[in-house]
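The residues making up each chain are set out below.
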Amino acid sequence: MLFDRGRLPVDHFDLASLVDSVEDQLTRRSGPSMTICSVNLDHLYRYRDASLPGYSNRGSGKWLYVADGWPVARRAGKVSGLAWPRLTGADLLPQILAMVDDRKGSVALLGGTDEMHRSFHAALSTTFPNIELAGAWAPDKHELVAAGGHSDIDQQLHQLDPDVVVVALPKPFSERWIASHADDSSGRLYLPFGAAADFMSGQVRRAPAFMQKHGMEWLYRLCLEPRRLARRYLVEAPKTASMLNDFEVGVMPDELKVGGSARDNARPHGADHVGSAHARRGDPASVNIEGSVVIPAYNEAGVIDRCLEALACPELHVVVAANGCQDDTAARARAHGVDVVEVSEASKTAALNAGDHAAGDLLPRIYLDADVVLSADDALRLVRRLKSSPEPTVAAPRAFYNSARSSRLVKQFYDVYTSLPYVLNGMTGSGCYAVNAPARRRWADFPAVVADDLFVQGLFDDEERFIDDSGVFEITPPRTLRSLLRVRTRSYIGRTEVAVKGVAGSTGGGRGGSLRALGDLVRGRPSRIGAAIFYLGLNTIAALRARRRGLNGVWLTDESSRMPGRAS
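Because the structure is predicted, anything quoted here is derived from the model rather than measured.

Some remarks on the overall build of the chain
Helix and strand counts for the chain come out as 24 helices and 16 strands. Scored against the burial criterion, the 568 residues of the chain give a buried share of 55%. Restricting to contacts in the chain with at least 6 residues of sequence separation, those with at least 24 account for 77%. Summed over all atoms, the accessible surface of the chain reaches about 24,700 Å², with 51% contributed by carbon and sulfur.

Here we look at empty space enclosed by the protein
The probe, sized like a water molecule, is rolled over the atoms to show the empty space still left. One pass over the full model with this rule turns up one cavity of 30 Å³ or more. The computed volume of the largest cavity comes to approximately 40 Å³. Along the walls of the largest cavity sit Pro 296, Lys 348, Leu 352, Tyr 367, Leu 368, Asp 369, Gly 431, Tyr 433, Asp 452 and Asp 453, which together make up its complete lining. Where the lining of the largest cavity is concerned, the elements lending two or more residues are α16 (348-359), β12 (365-368) and α21 (452-457). Here the lining of the largest cavity is composed, by residue class, of five nonpolar, one polar and four charged.

Some points on unusual backbone geometry
For residues besides glycine, phi is generally negative; the peptide bonds are generally trans as well. Look at the link from Leu 363 to Pro 364: it is a cis peptide, with omega at 5°. One non-glycine residue, Asp 161, adopts positive backbone phi at about 50°. For Asp 161, the position within the fold is in the loop between α7 (151-160) and β6 (164-168). Asp 161 sits in the partly exposed class, given a relative accessible area of 29%. Phi is positive for Asn 299, close to 50°, though the residue is something other than glycine. Take Asn 299: it is sitting in the loop between β9 (291-297) and α14 (304-311). Classification of Asn 299 as partly exposed rests on a relative accessible area of 24%.

Points about the environment of Ala 351
Here Ala 351 shows up in helix α16. Judged by relative accessible area, Ala 351 falls into the buried class, the value being 0%. Between the C-alpha atoms of Ala 351 and Gly 324, which are 27 residues apart in sequence, the distance is 9.2 Å. Among residues more than four places away in sequence, those in contact with Ala 351 are Pro 296, Ala 321, Asn 323 and Val 343.

Here's the deal with the packing of aromatic side chains
Across all of its chains, the model carries 14 aromatic pairs by this definition. Between Tyr 367 and Phe 446 the ring centres are 5.3 Å apart and the planes differ by 80°, which places this aromatic pair in the edge-to-face class. With a gap of 79 residues between them, Tyr 367 in strand β12 and Phe 446 in the loop between α20 (437-440) and α21 connect regions that are remote in the sequence. Its relative accessible area of 5% is what places Phe 446 among the buried residues. Ring centres of Trp 443 and Phe 446 lie 5.4 Å apart, and the angle between their planes is 70°; this geometry places the pair in the edge-to-face category. Judged on exposure class, the residue Trp 443 and its partner Phe 446 are both buried.

What about the pattern of salt bridges?
Pairing is possible between side chains that carry opposite charge, provided their charged atoms lie close to one another. Within the structure shown, the criterion is met by 23 salt bridges. Put simply, Glu 217 and Arg 86 hold a salt bridge, and the shortest N to O gap is 3.2 Å. You can see Glu 217 sitting in helix α11 (residues 217-224) and its partner Arg 86 sitting in the loop between α3 (70-80) and α4 (89-102), a full 131 residues away along the chain. With respect to class, Glu 217 is no different from Arg 86; both count as buried.

Section: α4
Spanning 14 residues, α4 covers 20 Å between terminal C-alpha atoms, matching the ideal 20 Å at 1.5 Å per step. For α4, the tally of buried residues reaches 13 of 14 residues, placing the bulk of the element in the interior. Residue Lys 104 follows α4 closely and has a positive phi angle near 55°.

Some words on the sheet that holds strand β15 (residues 432-435)
Taken in spatial order, the eight strands make up an open sheet running β11-β10-β9-β12-β15-β14-β16-β13, and their pairing is mixed. Edge positions in the open sheet fall to β11 (339-343) and β13 (372-374), since each of these has one partner strand only. Averaged over all pairs of adjacent strands, the angle between strand axes in this sheet comes to 30°, irrespective of strand direction. When β9 meets strand β10 (residues 316-323), the two strands line up parallel, connected through seven bridges.

Some thoughts on the confidence of the model for the chain
It should be kept in mind that the predicted coordinates are not to be read in detail where pLDDT is low. The pLDDT averaged across the chain works out to 77; a share of 77% of its residues lies at or above 70. Low pLDDT (under 50) marks residues 505-509, which in the prediction has 10 contacts with non-local residues, meaning those over four places away or in another chain. Contacts from residues 564-568, a stretch scored under 50 in pLDDT, to residues over four places away or in other chains number 13 contacts.

Description of the environment of Ser 419
Summarising the element assignment, Ser 419 is placed in the loop between α18 (408-417) and α19 (421-425). When its relative accessible area of 22% is taken as the criterion, Ser 419 is described as partly exposed. Once residues lying within four places of it in the same chain are set aside, the contact partners of Ser 419 are Leu 424, Leu 521 and Arg 528.

Structural notes on the side chain of Glu 217
For Glu 217, a relative accessible area of 9% translates into the label buried. One polar contact links Glu 217 to Arg 86, side chain to side chain, over a distance of 3.2 Å. If we ignore the near neighbours within four places in the chain, the residues touching Glu 217 are Arg 86, Phe 199, Arg 206, Ala 207, Met 211 and Gln 212.

Considerations on the packing of α4 against helix α17 (residues 376-387)
α17 packs onto α4 with a crossing angle of 30° between their chain directions and a minimal axis gap of 11 Å. Overall, the two elements α4 and α17 adopt an arrangement that is roughly parallel. Viewed along their axes, α4 and α17 form a crossing whose handedness is left-handed. Together, Ala 90, Asp 91, Pro 94, Gln 95 and Ala 98 of α4 and Asp 377, Leu 380, Arg 381 and Arg 384 of α17 make up the contact between the two elements. By residue class, the composition of the contact of α4 with α17 is four nonpolar, one polar and four charged.

Thresholds, definitions, all that
Residues numbered from 1 in each chain as written. Predicted model: local features only at pLDDT ≥ 70, side-chain atom pairs only at ≥ 80, totals over all residues. Heavy atoms only, no water. Helix = DSSP H or I, 4+ residues; strand = E, 2+ residues; numbered from the N terminus. Buried < 20%, exposed > 50% of the residue type's maximum accessible area, 1.4 Å probe, protein only. Contact = heavy atoms within 4.5 Å. Areas by Shrake-Rupley, 256 points an atom, 1.4 Å probe, with all protein chains shown as cover. 1 Å grid on protein atoms, 1.4 Å probe; cavity = no way out; pocket = protein on both sides within 12 Å on 5 of 7 lines; lining within 4 Å. Points joined across faces, edges and corners; volume = space filled by probe spheres on them. Nonpolar A, V, L, I, M, F, W, Y, C, P; charged D, E, K, R; others polar. Phe/Tyr/Trp six-rings, centres within 6.5 Å; stacked < 30°, edge-to-face > 60°. Salt bridge = Lys/Arg side-chain N within 4 Å of Asp/Glu carboxyl O. Expected span 1.5 Å × (residues − 1). Pairing = 2+ DSSP bridges. Axes fitted to C-alpha atoms, helices over the stretch in contact; angles between N-to-C directions. pLDDT = per-residue confidence, 0-100. Polar contact = N/O pair within 3.5 Å; in protein donor to acceptor, adjacent residues only side chain to side chain. Parallel < 35°, antiparallel > 145°, perpendicular 65-115°, else oblique. Left-handed = near helix turned anticlockwise from the far one by under 90°.

Shown next, in the form of structure tokens:
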């Protein structure tokens, strides 16, 4: 029984060790299958009165249980005294598919709808072009788990022999089918990741990174699908959460050490994974570096920690280029274990070029401002997608403007700004963009311009640029109207400088296009006419200030978004 003797079957894996286990499984051509089960409150609720597959049914291969939900991960960490990472199916699926793509392997999809299958196939073709979708089936879930139900699917899976079978049935049908059929087919790895398949196919949009980080993903999903998820999150989840305090963290009952401590017992089920949670740490030679990140930083002590904490990932080579800093930006960055180069000149251009030199040939490369936040998962996903493209490609995740601490007028400005087509559909100069190796060959050193992102954007045609909707990065807008005016003035200086120096082509979003977009916005929502007039007026003042200031290279930093407290 799942809750028998207060045992919560959750394996102690970090991302690196779990990836190692999956890689071993995909490499092995014989032996038992492996199933990765993501444990969250809904999982526990579904199995509160039933035997958990992998406990009672040993004939269905090896089962690994990872903490998907924040309440489960926190409880596991509290009881064991260990750092217990949250590993979601949505984060794991792209990682696993990238490994299959490297092997030119195959994937089968069971469950979902025909429409979802088409979208999933399209996503595979775009992001993982070397993967073959061996088959996709959408049978009735009750018939599928019935004894002998849909034996034709078993036969086809046996013939197709896919590397991975993604099972997108509702809980607990996914786990029940795998427990009954895994040995009857030839799939090496079974993933009951229904929600992850929906995210990847675009059928359901995943919560922004900041909501994932703070355990609020359930709220985002509830707002999207209130009728389907209200009972799960508002009735079932609280009941299950209240029972977590009675749980202990351990291994399978017949593997428990007599008299062992919680720390001793908090290990993966299989003896071959004992201690694997930390096996990769401190061993750079064993990590596959997939790309690099260059972060220019000028007096960014107030924000560099949050930037690097979110970006922590052994698969990314991160370089912080501290230029002309008079604070402890460089020391703070070194504390995170990243490479730091120091440039005496207070110049973003010099910092970018120094960072490029330090990063060497590690491409794709992300250029990231120190005051924005990009999660490691979204960065890796972006790098892998760029790596899969043989053509010159520049990309950026979707920007999320977190204006919670901004004044009312600043919020009003960004409400209009983020509704404009250029911001929604074009890669804007927001402090985060990435290029693959063919794209990086478009230019040598960065020229001496303020708006490096506009310079890079102008080097590429529309079909060579895209926004990666599977990821987001967080921007903290100015808090005060004065700071907003400084930021917009800086933006106009940057645009003018790029145009006057002739270092790039058109970047779109000109004044004529903006006026037309504002007109369309007001026609669609007349209540926004006041906000649109304010938006236009502030930009006009900023443009005039930029013209008076000229191209003097002064970097007008927004200090308000780097300080604690709320704007008045």
